[in-house]
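# A closer look at the structure
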Amino acid sequence: MQSKIIWITGASSGIGEALVYQLIGENVNIIISARRIAELERVKGNCAEKLQKNIRILELDLSKTGELENKVREAESLFGGIDIH
């Protein structure tokens, strides 16, 4: 069965961060996004080392609406698409 690709925005804290930890043990690839790269690196680092290959980081500031279309394309390119966002 092919892994689902999930894009989680707001993944640097709160519910988004909790979702990363809940889902990473499943058969998924996860794109994590937020404004703070250092916090995203921390979240990724908190996951088991063998599962970190299933996580990609994409800096994203949702207030910069002019960049959103390009960010979607960039996210899709990380694992070859997005199944859930």
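Structural data are supplied above this passage.
Residues numbered from 1 in each chain as written. Predicted model: local features only at pLDDT ≥ 70, side-chain atom pairs only at ≥ 80, totals over all residues. Heavy atoms only, no water.

## What about the nonpolar core?
Within the largest apolar cluster, 13 residues are counted, with the highest numbers of intra-cluster contacts made by Ile8, Ala11, Val20, Ile30, Ile32 and Ile55. Sorting the residues of this core by element identifies strand 1 (4–9), strand 2 (28–34) and helix 2 (37–45) as the ones contributing at least two each. Counting seven residues, the second-largest nonpolar core is a separate cluster that includes Trp7, Ile31, Ala75 and Phe79. (Core = buried A, V, L, I, M, F, W, Y, C linked by side-chain atoms within 4.5 Å. Buried < 20%, exposed > 50% of the residue type's maximum accessible area, 1.4 Å probe, protein only. Helix = DSSP H or I, 4+ residues; strand = E, 2+ residues; numbered from the N terminus.)

## Notes on the pattern of salt bridges
If you walk through the whole model with that rule in mind, you get four salt bridges. The salt bridge partner of Glu69 is Arg73, with a shortest N-O separation of 3.2 Å. Of this pair, Glu69 and Arg73 both sit in helix 3 (residues 68–79), four residues apart, roughly one helical turn. Owing to a relative accessible area of 57%, Glu69 belongs among the exposed residues under this scheme. Here Lys71 ties to Glu74 by a salt bridge, and the two come within 3.9 Å at their closest N and O atoms. (Salt bridge = Lys/Arg side-chain N within 4 Å of Asp/Glu carboxyl O.)

## As for the pairing of strand 3 (residues 55–59)
The side chains of a regular strand alternate, residue by residue, between the two faces of the sheet. Across five bridges, the pairing between strand 2 and strand 3 is parallel. Its bridge partner lying in strand 3, Ser33 is registered against Leu58. Crossover connection from strand 2 via helix 2 to parallel strand 3: handedness right-handed. (Pairing = 2+ DSSP bridges. Right-handed = clockwise from strand over helix to strand, strands pointing away.)

## Details of the sheet that holds strand 2
One open sheet holds the three strands; their spatial order is 1-2-3, and the pairing between them is parallel. The open sheet has two edge strands, strand 1 and strand 3, and neither has a second partner. Within this sheet the neighbouring strands show an average axis-to-axis angle of 20°, counted without direction. Helix-sheet contacts for helix 1 (residues 14–23) involve strand 1, strand 2 and strand 3, and the interaxial angle to strand 1 is about 160°. Along the sheet, helix 2 makes contact with strand 2 and strand 3, crossing strand 3 at roughly 170°. (Axes fitted to C-alpha atoms, helices over the stretch in contact; angles between N-to-C directions. Contact = heavy atoms within 4.5 Å.)

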